[in-house]
Each structure stands twice: as C-alpha cells, then as structure tokens.
Amino acid sequence: VPEAGERDTRVTALEPADLEWVRQRVLNVVGHELRTPTATIRGLAETLAEGVDPAVMPDVIAALQRNARRLEHLVDNLLAAADVTNSLPAEPPSVLSVGEVARAAWAEVGGTPDDLEVVGAASSWVARATSVRRILFQILDNAAKYGDRPVVVRVEAEDSSTVVEISSPGPELPAEDVRFAIEMFWRGERAVTSSWGLGLGLAVGRLLAEHEGGSLDVAAGTAGGIVTRLELPAPPVRIGTDNR
Amino acid sequence: VSSTPSTDIPLKVLIADDEADISLLLKVRLELDGFEVVGVAGDGAEALEQYRQYRPDVVVMDLLMPNVSGFEAIGRIRAEFPTSRIIAHTGVAGDFVREEMQRAGVPVLLKSGDLAALGDAIRICAAPLPGGAPAT
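The model shown is predicted, which means the values in this text are computed figures rather than measured ones.

Engineer: Looking at this structure, I do not really get the overall build of chain A. What am I missing?
Structural biologist: When helices and strands are counted, chain A shows eight helices and seven strands. A total of 244 residues make up chain A; the buried ones form 40% of that total. When contacts within chain A are restricted to residue pairs at least 6 apart in sequence, those whose partners lie at least 24 apart make up 70%. Counting every atom, chain A has about 12,900 Å² of accessible surface; 54% of that belongs to carbon and sulfur.

And the structure:
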C-alpha cells in the first residue's frame, strides 16, 4: 500500500484495455443496480399521482419506502468504497457487545431472532459503533441473501482482539465465487440472478474493519457457502457482562 | 399515454419478474391503463405454469431470474405455444440480449420508471398480423 501522498502506480500499470474493461464493468453494474429502485420509485410515484386503488395503497407505499432505503444503501456503499473515512460520522470508539451488535444487525437485515445463533464467550470490541454496525450488516445481509438458516456467529476472544466467524449452511460455491467474494463489484452467478446489490458489501465491510484496526476475510465453509471472519480490537480489560 | 386498449375486452397480461416491486409497479400501471393482469410469476418456471393456466395475450418477461431464467422460459413457452406473444422487459440490453431476442422474435423493452411505452408495446405485440401470424 503506498504511503500517504505517494502516487498509487498499480492503476496506471494496467493496460488501457484492462482499464476500459474495469470502467465498463463498474458503470454497467452501478447502472443496472440503480435502475430497479429508481424505476420503481418514479413509476409508483406517478401512479400515486393518478390515483391507485386504495386496496393496494399500503403495498405501494411499502414498496416506495423499501426502494428508497435500497437506493440509500447502494449510495452509502458507493461512497464508502470511494472514501471510507469520510463516509463515516465523527464518532469516538466505544466498547460494544459482540452479541448485541450482531443481533441488532440481524434485525436490521430483516432476520428473525431464532435464525441467529451467537456461540462462544461473552466478548466485546472497541470500535466506532457506526462502523461495526455497518460491517455486521454487510456480512449478515450477505448470509441472509445467499445462505440457509441458522446463521451462526461464533465468538472467540484472543489476546488483544475479538474474532467472530459468521457462517450459514448453503450449497458449495464455485472456487471463483469464494476467491473473489470480497472484491469490489464481484457478484457470483447466484447473486446476479437472485438478488440486488453492487457486489460491494463485503469489500466495504473489509475497508471498515481495516479502518477500525481489524480485518475481514472470507473462506469456503465446511458445510458449503462462505465463512466470514471478522477481527476487531478488544477492550484492554474484558467486560464481564453476558452478551449472549 | 394511450390508455385505452383497442377492444372492449381487456388484453390479458402475464408478468414474470423476480423483483416483487417491479411486478407490483407493472401490475398497478397496467391495470390503471385498462389491461387485465392475469398472473404474476417470480421466475421462468412459474411463468410457464401460469401461461398454461391463464393463456395470456402477452407475457412481459424479465430475463435475469433465478431457477429458470427468462431466456429459458421464452424457449419453453414458445416450444409449447408457438404463437405466444412475449416482450422481454430487462434492466440492461447489450448486444447478446438484443441478438438472442431478435433470434427468438421477441421485442425488447428496457425497464424504466417511464412506463408510457409499455402499454403501446403490449398492444402492438398482441395485434394480429395479416395471415394470423404472431406479431414478432
């Protein structure tokens, strides 16, 4: 990684044809993923203006809200991918219960409480709450979209950090999907055909984890799918509360 | 927007899209425009099943769907119902999509919040051609 102020020559080392491929790929993915929420919002807003059947009004309003949130999430990820530091609010690090953060993120993803198992010793992280919430959201959103249930969060306390491994049962993924899962704009075949997204979730999660002094990696799961490993700094003195 | 179908009997439309909100948008819009939405399918397999059940005048078919894609569903529906009328409704239409759809005789309409073109495309697609051939 280049020092601050040093020019990153990795990009300029690419051949023009490669750069053109990357440019096309990024613009195509972004354009495609913005199309559905923007089309839905505009189309439904116009039907509302004309007067829709009152019976479908709740569905229309819910769809408008859902697509506005989806658009916001896509934009959040794009901005975080461009500049992770400036995408976050000014906020001091605090002690966060792993179990509580995981359960809150699972609820935000839309998962039911019984489908999330938190296993291991009660542990905490020291990090910015917004970063950790967003990292867990990205990981669990991925697990919810592509894995089966239950999603298991295995917590392990190490000397100066707390590690969680998040896994869910699922089909064995092609090696390529596992290898590139954490790369920006990579979307496996199952992702492309079954759900929305830019292929930024795990990549942004890794940027945020590194920003908090930790790391995020993925590997093939023994029961299929992928296992995501998140490591973040732990408090100097363990908090004795039961966070499970 | 031309909002009146050409006959008193509303044209029957089947929507196939894995994005539930896009299906909702199309259903609400088309019903406002006087069409009868006879079914909403979430993938290509459901589209074929509902085609058999409802025999729609026109299918509005997304191409990228899980399980059975729109590409595959078009082939299956055409194999069973050679005169079926289908419009490909897709977020992106590069050379591959356009060539494949041209080969299948299926018009392509890009997904957009401006649905003014959709009703007209359905009416054109459903219109009988001289000699009774499908409007492909």
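Engineer: Got a minute to help me understand the nonpolar core in this structure?
Structural biologist: Most often, soluble globular proteins keep nonpolar side chains buried together rather than apart. Of all hydrophobic cores here, the largest spans 43 residues; its most connected members are A:Leu136 and A:Leu230. Residue contributions to this core peak at six residues, all from helix H5 (residues 129–146) of chain A. Ignoring any residue separated from it by four or fewer positions in sequence, one finds A:Leu136 in contact with A:Val101, A:Ala102, A:Ala105, A:Trp125, A:Ile166 and A:Leu230. Core analysis: the next-biggest nonpolar cluster, separate from the first, contains 25 residues, B:Leu24, B:Leu26, B:Val60 and B:Leu118 among them.

Engineer: Sorry, what's going on with the sheet that holds strand E3 (residues 58–61) of chain B here?
Structural biologist: Hydrogen bonds along the backbone pair up the strands of a sheet, which may run parallel or antiparallel. Residue and element names in this part refer to chain B. Taking strand neighbours across the sheet as the criterion, the five strands line up as E2-E1-E3-E4-E5 in an open arrangement whose pairing is parallel. Looking at strand neighbours, the two that pair on one side only are strand E2 (36–41) and strand E5 (108–110), the edges of this open sheet. Across this sheet, the average inter-strand angle for adjacent strands is 25 degrees, counted without regard to direction. Contacting strand E1 (12–16), E2 and E3, helix H2 (residues 44–54) crosses the sheet at an angle of about 145 degrees to E2.

Engineer: Honestly, the sheet that holds strand E5 (residues 161–167) of chain A in this entry has me stumped. Any pointers?
Structural biologist: Residues and elements named next belong to chain A. What the five strands build is an open sheet, ordered E2-E4-E5-E7-E6; its pairing is mixed. Only two strands of the sheet have a single partner each, and these edge strands are strand E2 (116–120) and strand E6 (215–220). In this sheet, adjacent strand axes meet at a mean angle of 20 degrees when their direction is disregarded. In terms of strand pairing, E6 meets strand E7 (residues 226–233) through six bridges, oriented antiparallel. Residue pairing in the sheet places aspartate 217 in a bridge with arginine 229 of E7. Sheet strands in contact with H5 are E2, strand E4 (151–157), E5, E6 and E7, and its direction is about 170 degrees off that of E7. Of the strands in this sheet, E6 and E7 touch helix H8 (residues 201–211), which is tilted by about 140 degrees from E6.

Engineer: Help me out: how do you make sense of the packing of helix H3 (residues 57–82) of chain A against H8(A) in this one?
Structural biologist: For any two helices packed against each other, the geometry is given by the interaxial angle and the distance between the axes. All names here are of chain A. The interhelical angle for the contact between H3 and H8, taken along N-to-C directions, is 50 degrees, at an axis separation of 10 Å. With respect to H8, the axis of H3 lies oblique. For the pair H3 and H8, the sense of crossing is left-handed. Mapping the contact onto sequence places Asn77, Ala80 and Ala81 in H3 and Gly201, Val204 and Leu207 in H8.

Engineer: Quick question: what am I supposed to make of the interface of chain A and chain B here?
Structural biologist: How big an interface is tends to be expressed through the accessible area that disappears when the partners come together. Across the boundary between the two partners, chain A contributes 25 residues, which contact 19 residues of chain B. Together chain A and chain B conceal approximately 1,800 Å² of surface at their shared face, both sides included; 61% is due to carbon and sulfur atoms. For the pair chain A and chain B, the interface holds three salt bridges. Across the chain A-chain B interface, the total number found is six residue pairs in polar contact (both at pLDDT 80 or more). Of all the secondary structure elements, the ones that give two or more residues to the side of chain A that touches chain B are helix H2 (16–50), H3 and helix H7 (189–194) of chain A. Examining the composition of the side of chain A that touches chain B, we find that 12 residues originate from one element, H2(A), more than from any other. Here the side of chain A that touches chain B is composed, by residue class, of eight nonpolar, 10 polar and seven charged.

Engineer: Just checking my understanding: could you explain the pairing of E2(B) for this structure?
Structural biologist: If a strand is regular, its side chains alternate between the two faces of the sheet. Residue and element names in this part refer to chain B. Direction of pairing for E1 relative to E2: parallel, over a ladder of five bridges. Paired with leucine 14 across the bridge in E2 is glycine 39. With respect to chirality, the unit in which E1 leads through helix H1 (residues 20–32) into the neighbouring parallel E2 is right-handed.

Engineer: Help me understand unusual backbone geometry in this model?
Structural biologist: Glycine aside, residues mostly have negative phi, and peptide bonds are mostly found in the trans state. Here A:Arg149 and A:Pro150 are connected by a cis peptide whose omega angle stands at 0 degrees. Even without being a glycine, B:Asn67 presents a positive backbone phi close to 65 degrees. B:Asn67 sits in the exposed class, given a relative accessible area of 69%.

Engineer: How should the pattern of salt bridges be read in this particular structure?
Structural biologist: A side chain of one charge can pair with a side chain of the opposite charge when the charged atoms of the two come close. Applying the stated criterion across every chain yields a total of 18 salt bridges over all chains. Here B:Asp120 ties to B:Arg123 by a salt bridge, and the two come within 3.2 Å at their closest N and O atoms. Here B:Asp120 pairs with B:Arg123, and both are found in helix H5 (residues 116–126), just three residues apart, close to one helical turn. Overall, the relative accessible area of 31% leaves B:Asp120 in the partly exposed class. Its relative accessible area of 13% is what places B:Arg123 among the buried residues. Among the ionic contacts, a cluster of salt bridges with common partners joins A:Glu50, B:Arg29 and B:Asp33.

Basis of the calculations
Residues numbered from 1 in each chain as written. Chains lettered and ligands numbered in written order. Predicted model: local features only at pLDDT ≥ 70, side-chain atom pairs only at ≥ 80, totals over all residues. Heavy atoms only, no water. Helix = DSSP H or I, 4+ residues; strand = E, 2+ residues; numbered from the N terminus. Buried < 20%, exposed > 50% of the residue type's maximum accessible area, 1.4 Å probe, protein only. Contact = heavy atoms within 4.5 Å. Areas by Shrake-Rupley, 256 points an atom, 1.4 Å probe, with all protein chains shown as cover. Core = buried A, V, L, I, M, F, W, Y, C linked by side-chain atoms within 4.5 Å. Pairing = 2+ DSSP bridges. Axes fitted to C-alpha atoms, helices over the stretch in contact; angles between N-to-C directions. Parallel < 35°, antiparallel > 145°, perpendicular 65-115°, else oblique. Left-handed = near helix turned anticlockwise from the far one by under 90°. Buried area = accessible area lost by both parts, 1.4 Å probe. Salt bridge = Lys/Arg side-chain N within 4 Å of Asp/Glu carboxyl O. Polar contact = N/O pair within 3.5 Å; in protein donor to acceptor, adjacent residues only side chain to side chain. Nonpolar A, V, L, I, M, F, W, Y, C, P; charged D, E, K, R; others polar. Right-handed = clockwise from strand over helix to strand, strands pointing away.

In short, the description is geometric, and any link to function would need to be established separately.
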